[in-house]
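Given next are the chains, with one letter for each unit.
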Amino acid sequence: MHFEEFAREQLPSLLRFAAVLTGDRELAQDVVQDALVRAHKSWRRIATADRPELYMRKVVVNGYLSWHRQWYQRSVHPTSDVARFREPAAPDPARRIADADQLTGMLARLSRAQRASIVLRFYEDRDDDEIAAVLGCATGTVRSHISRGLNSLRIQLTEGKETV
């Protein structure tokens, strides 16, 4: 497969993944663009991989995890406005918006590694080995990130119910 075909095919899902991961549509576009530029440089090697789409998720996650090191992005903060990430044809009841806003805010309070692990598991439906490959860590570390992240989300959810 040529790079252009791959990019055209994978771009929508990469953008959705990055938008959920970063919580910011513009940052997601920047992260995906940087990932595609990096992939283009070594496309011959990537194209021969068993799962090039999983490799691209890894490049996107690495870009997200290191974005704070780039001076021009230091003032970018995740947003809780998830309505702009929805497909236009999807139903948009008020409760789903409130739940999505709450979840996005809760995810923004997690560490980057926990957030990436949880998004890869529950949004991308990846298993521990795939997540470990994307994050470049051991499967036990992935389980730890997910466990601690879910525990933090549970605590935040419980605290939110007490204040209502």
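Please refer to the structure higher up on the page.
Residues numbered from 1 in each chain as written. Predicted model: local features only at pLDDT ≥ 70, side-chain atom pairs only at ≥ 80, totals over all residues. Heavy atoms only, no water.

Looking at helix α4 (residues 52-66)
Next up, step 1: For α4, with 15 residues, the first-to-last C-alpha span of 21 Å sits near the 21 Å given by 1.5 Å per residue.
Next up, step 2: Within the sequence span of α4, burial applies to P52, L54, M56, R57, V59, V60, V61, Y64 and S66.
Next up, step 3: Considering only its buried residues, α4 is in contact with α1 (3-22), α2 (25-41), α3 (43-47), α6 (112-123) and α7 (128-135). (Helix = DSSP H or I, 4+ residues; strand = E, 2+ residues; numbered from the N terminus. Expected span 1.5 Å × (residues − 1). Buried < 20%, exposed > 50% of the residue type's maximum accessible area, 1.4 Å probe, protein only. Contact = heavy atoms within 4.5 Å.)

Let's talk about the packing of aromatic side chains
Next up, step 1: Enumeration according to the criterion identifies 2 aromatic pairs in this entry.
Next up, step 2: A ring pair is formed by F6 and W43, whose centres lie 4.9 Å apart and whose planes are at 40 degrees; its orientation type is tilted. Taken together, the positions of F6 in helix α1 and W43 in helix α3 put the pair 37 residues apart, joining distant regions of the chain.
Next up, step 3: Looking at F6, the relative accessible area reads 3%, which means it is buried. (Phe/Tyr/Trp six-rings, centres within 6.5 Å; stacked < 30°, edge-to-face > 60°.)

Looking at the environment of H2
Next up, step 1: Take H2: it is sitting in the segment before α1.
Next up, step 2: On the basis of relative accessible area, H2 is assigned to the exposed category, the value being 55%.

A few points about unusual backbone geometry
Next up, step 1: Positive phi outside glycine occurs at D125, with the angle close to 60 degrees.
Next up, step 2: With respect to the helices, strands and loops of the structure, D125 is situated in the loop between α6 and α7.
Next up, step 3: Of the residues examined, D125 reaches a relative accessible area of 66% and is grouped as exposed.

Digging into the nonpolar core
Next up, step 1: With 32 residues, the main nonpolar core has F17, L21, L36, M56, V60 and V61 as its most contacted residues.
Next up, step 2: Those elements that place two or more of their residues in this core are α1, α2, α3, α4, α6, α7 and α8 (139-163).
Next up, step 3: Those residues in contact with V60, other than ones at most four positions away along the chain, are L14, F17, A18, L21, V31, V32 and A35.
Next up, step 4: In this structure, M106, L107, L110 and I118 belong to the second largest nonpolar core, which totals 5 residues. (Core = buried A, V, L, I, M, F, W, Y, C linked by side-chain atoms within 4.5 Å.)

Overview of the pattern of salt bridges
Next up, step 1: In this structure the tally under the stated criterion is 6 salt bridges.
Next up, step 2: Between E130 and R51 there is a salt bridge, with the nearest N and O atoms lying 2.3 Å from each other. Taken as a pair, E130 in helix α7 and R51 in the loop between α3 and α4 lie far apart in primary sequence, 79 residues in all.
Next up, step 3: Close ionic contact of E124 with R57 constitutes a salt bridge, the shortest N to O distance being 2.8 Å. Taken as a pair, E124 in the loop between α6 and α7 and R57 in helix α4 lie far apart in primary sequence, 67 residues in all. Taken individually, E124 and R57 each receive the classification buried, so the pair is uniform in this respect. (Salt bridge = Lys/Arg side-chain N within 4 Å of Asp/Glu carboxyl O.)

Bear in mind that shape data such as this cannot, by itself, settle questions of function.
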